[in-house]
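# Coordinates in review
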Amino acid sequence: MDSRNGPETNPGALTQQQSSNHLLHRLFDVQQNLRHIPESSIAELANDLSLPISQVEAVVDFYSFFHRTPRGRIDILFSNCTSCGDLTMMHELCKQLHISPGKTRADGMVSIDFTSCIGMCDQGPALLVNGHTLTHLTSQRLEQIAAQVDAGTPVEQWPVEWFRIQDNVRKNGLLLGTAFETGAALRAAVKQGPEAMLAEIVTSGLRGRGGAGFGTGMKWKFCREAKGDEHYVICNADEGEPGTFKDRVLLTSHAHTVFEGMTLCGYVIGSSKGYLYLRGEYRYMLPELYAVLARRRKAGLLGENILGQQGFNYDIEIIVGAGAYICGEESALIESMEQKRGVPRVRPPFPVTCGFNGQPTVVNNVETLAAAAHIAVHGGEWFNTHGSDKSDGTKILSISGDCATPGVYEYPFGVSIQKILDDCGAENVQAIQVGGPSGTLIGPNEFERKLGFEDLATGGSFMIFGQQRDLLAVISNFAHFFAHESCGFCTPCRVGTTLLKNGLDKIAVGHGTKYDVDEMYGMATLVKRRSHCGLGQTAANPILDALQRFPKLFEDRLVHSDFEPNFDLDAALEEARQISHRDDAEAHL
Ligand code: SF4
């Protein structure tokens, strides 16, 4: 199935459909209308929402889609992901439009910048323009975009075919290949009752599909047993790990199944309210998601007395993020839902006992909830007879990079890496990043390893790098990503990710020494061990993996001296030479 995110989903239409008065939504409206968030709007919003001005200011400064200074009427953000990004294209368009990256053109018409992965890794290079997504960029398309900008054509009038997004499902499995009858999971739940349904989920062995792999049945059980005024279900649709896009496909073509999984969870844990936290890059999905919710209400699958069951009340609201990868971390996501900066909480307490608004909360990934809906219909054994010893069921992968057919593939756990590479037409492979930048980097001598929690765990990202790739540049891209996305709360991650990024840059340009590599190893180990949350604890993985498995990447770039400064000393003396009017040999190093 294809989805569109063009003229029929213009920003105005999105605004009308946003039901809640949430701070992120209000700020989005202001950003759309005024192209920035002025002080006056901050004060007004703080007053309207009864929030401290300092909180609204902090939120504006935290999320990358909000700006204090005006952006162009056409605001373009190129993905800088190794799979769906190409910054040479950004520079090409900047040249055509006479603008520098990160700046707004003097006439206020356009601004161009880059952003982290936008989840289009199977159809890149890609960009966002005023929140809409353009994929399959070419030089010809850039020229056409430049012409539209220079003509002052509103984005809503750009050709609709530019905004087409494909699902690219290449291999169906247990979940993607089994038809789902809307309402079937809830009918099964009502027939069996919440305890029996919880037992099915436990029997299935389903574990969280976001990457961490906590037992879903246990999570639901802990939350069901926790005391609170209200219980909440949150579907984490903030898939921001570079190389991951399978939740995009689930929400595009299987939204009923996902919403049914949320409602099922609500029934089991005793919740009447669920939230879908959608990443800001997927804003284009909103009209269709709202339409599915409306259809479910009309069919009696949301609202009061669902399926005629007295007291089975449940509804779902959508909250849209604003460009912050860290909000994929469950406690940061909850903070964001509470209209704050997305800073991870100190745990315990865990969300199952103290989550959204201090109440017991289940946070599950999109794929986990879709799987739960199928399990409710077919039973726990239907699921756990697939997979490997410690990993029941199947995993949906987002495959991108150097292969013939990138897209979405579903496999039973236990499948070998080589089998996946054969299926997607990947040849002459140098390395695979399994689980995105926070996962594991492996080389060809490990391609017989298996996908699963007991071996290679993944939230879904599977990035392939051919022999022609500069793997050090890839590692460096990941380091830049983590330095950019660090929330800044704790020092090891805030400072460490920047030092790692700088260290890699120095080596990449040929100024590195063995001393720098040793320093980087020490820093990577420190960042991994001392950081507060999963982002920092995994940020150094690509560097540590590369040092262990691909040491020549570094050795080949090292100069011979034991130490070289991180800047050009001679260039640094240029100003002194100009002041003293000297440019003779002795004025140089
Ligand atoms: Fe924030 Fe990084 Fe610390 Fe996590 S590890 S809390 S992202 S600074």
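Note that the structure is predicted; figures quoted are calculated from it, not measured.

## Quick notes on the overall build of the protein chain
- Summing up its helical and strand segments, the protein chain has 24 helices and 16 strands in all.
- Scaling as 2.2 N^0.38, a compact globule of 589 residues should have a C-alpha radius of gyration of about 25 Å, and the protein chain matches this with 25 Å.
- Taking the principal axes of the C-alpha coordinates as reference, the protein chain spans close to 90 × 55 × 45 Å.
- Expressed as a percentage of the 589 residues in the protein chain, the buried residues total 58%.
- Counting contacts in the protein chain only where the partners sit at least 6 residues apart, residues at least 24 apart contribute 72% of the total.
- Accessible surface, the protein chain: about 23,300 Å² in total, of which carbon and sulfur atoms supply 50%.
- The positive charge centre, built from 52 side chains, and the negative charge centre, built from 70, are 4 Å apart in the protein chain.

## Some thoughts on the pattern of salt bridges
- Scanning all chains against the criterion turns up 38 salt bridges.
- The residue Arg-279 makes a salt bridge to Glu-281 at a minimum N-O spacing of 3.2 Å. In terms of burial, Arg-279 and Glu-281 fall into one category: buried.
- Residues joined by salt bridges that share partners form a network here, namely Glu-446, Arg-449, Asp-455, Asp-545 and Arg-549.

## Some remarks on the packing of helix 5 (residues 87-97) against helix 6 (residues 139-150)
- In contact at an axis separation of 10 Å, helix 5 and helix 6 are set at 35° when each is read in the N-to-C sense. Seen from above, helix 5 lies across helix 6 with right-handed handedness. Note on element contacts: helix 6 touches helix 5 through Ser-139, Leu-142, Glu-143, Ile-145, Ala-146, Val-149 and Asp-150, opposite Met-89, Glu-92, Leu-93, Gln-96 and Leu-97.
- Looking at side-chain class alone, the contact of helix 5 with helix 6 contains seven nonpolar, two polar and three charged residues.

## Looking at helix 14 (residues 366-378)
- Look at helix 14: 19 Å from first C-alpha to last across 13 residues, which is about the 18 Å you get at 1.5 Å a residue.
- Judged by how many residues are buried, helix 14 sits mostly within the fold: eleven of 13 residues are covered.
- Every buried residue of helix 14 is listed here: Val-366, Glu-367, Thr-368, Leu-369, Ala-370, Ala-371, Ala-372, Ala-373, His-374, Ile-375 and Ala-376.
- Capping the start of helix 14 is the job of one residue whose side-chain oxygen sits 2.8 Å from the backbone nitrogen of Glu-367: Asn-365.
- The positive-phi residue at the C-terminal boundary of helix 14 is Gly-379, with phi of around 95°.

## A look at a nonpolar patch on the surface
- Among the surface-exposed residues, Phe-214, Met-218 and Phe-222 lie close enough to one another that they form a single nonpolar patch of about 270 Å² accessible area.
- Secondary-structure assignment places Phe-222 in helix 9 (residues 216-225).

## Structural notes on the nonpolar core
- By size, the foremost hydrophobic cluster in this structure holds 139 residues, and its most contacted members are Tyr-63, Trp-220 and Phe-554.
- With nine residues, the top contributor of residues to this core is helix 11 (residues 255-269).
- Contact partners of Trp-220, with chain neighbours within four places excluded, come to Leu-198, Ile-201, Gly-261, Leu-264, Cys-265, Val-268, Ile-269, Val-362, Asn-364, Leu-369 and Ala-372.
- Within the second largest apolar cluster, 24 residues are counted, among which are Ile-74, Ile-76, Val-110 and Leu-142.

## Let's talk about the layout of surface pockets
- Considered as a void within the structure, the second largest pocket measures approximately 420 Å³ in volume.
- Along the wall of the second largest pocket there are 17 residues; nearest its centre are Asn-80, Leu-87, Ala-473, Asn-477 and His-480.
- Here the element with the most residues in the lining of the second largest pocket is helix 17 (residues 471-485); it accounts for eight residues.
- Tallied by class, the residues present in the lining of the second largest pocket amount to seven nonpolar, seven polar and three charged.

## With respect to the domain arrangement of the protein chain
- You can read the domains of the protein chain as domain 1 (2-167), domain 2 (171-384), domain 3 (394-469) and domain 4 (472-555).
- On a C-alpha basis, the centroid separation for the pair domain 1 and domain 4 is 30 Å.
- Domain 1 puts five residues into the contact, and the matching count from domain 4 is seven residues.
- Together domain 1 and domain 4 conceal approximately 440 Å² of surface at their shared face, both sides included; 61% is due to carbon and sulfur atoms.
- Looking at the side of domain 1 facing domain 4, the largest losses of area belong to Phe-62, Thr-82 and Ser-116, adding up to 72% of the total buried there.
- Here domain 1 is connected to domain 4 by zero salt bridges.
- The residue inventory of the side of domain 1 that touches domain 4, partitioned by class, reads two nonpolar, three polar and no charged.

## Digging into the sheet that holds strand 8 (residues 232-237)
- Ordered in space as 10-9-8-11, the four strands form an open sheet in which the pairing is parallel. Two strands in the sheet have a free side with no partner beyond their single neighbour: strand 10 (315-320) and strand 11 (361-365). Each strand axis lies, on average, 20° off the axis of its neighbour in the sheet, ignoring direction.
- Bridging between strand 8 and strand 11 involves five bridges; their strand directions are parallel. By the bridge assignment for strand 11, Ile-234 is matched with Val-363.
- Against the sheet, helix 12 (residues 286-298) touches strand 9 (273-278) and strand 10, its axis set at about 170° to strand 10.
- Against the sheet, helix 14 contacts strand 8 and strand 11, and its axis sits at roughly 95° relative to strand 11.

Rules of the game
Residues numbered from 1 in each chain as written. Predicted model: local features only at pLDDT ≥ 70, side-chain atom pairs only at ≥ 80, totals over all residues. Heavy atoms only, no water. Helix = DSSP H or I, 4+ residues; strand = E, 2+ residues; numbered from the N terminus. Rg over C-alpha atoms; globule rule 2.2 N^0.38 Å. Buried < 20%, exposed > 50% of the residue type's maximum accessible area, 1.4 Å probe, protein only. Contact = heavy atoms within 4.5 Å. Areas by Shrake-Rupley, 256 points an atom, 1.4 Å probe, with all protein chains shown as cover. Lys, Arg positive; Asp, Glu negative; His and termini not counted. Charge placed at Lys NZ, Arg CZ, Asp CG, Glu CD. Salt bridge = Lys/Arg side-chain N within 4 Å of Asp/Glu carboxyl O. Axes fitted to C-alpha atoms, helices over the stretch in contact; angles between N-to-C directions. Left-handed = near helix turned anticlockwise from the far one by under 90°. Nonpolar A, V, L, I, M, F, W, Y, C, P; charged D, E, K, R; others polar. Expected span 1.5 Å × (residues − 1). Polar contact = N/O pair within 3.5 Å; in protein donor to acceptor, adjacent residues only side chain to side chain. Patch = residues over 30% accessible without salt bridge, like charges linked within 9 Å, V, L, I, M, F, W, Y side chains within 5 Å. Core = buried A, V, L, I, M, F, W, Y, C linked by side-chain atoms within 4.5 Å. 1 Å grid on protein atoms, 1.4 Å probe; cavity = no way out; pocket = protein on both sides within 12 Å on 5 of 7 lines; lining within 4 Å. Points joined across faces, edges and corners; volume = space filled by probe spheres on them. Domains from an automatic or database assignment. Buried area = accessible area lost by both parts, 1.4 Å probe. Pairing = 2+ DSSP bridges.

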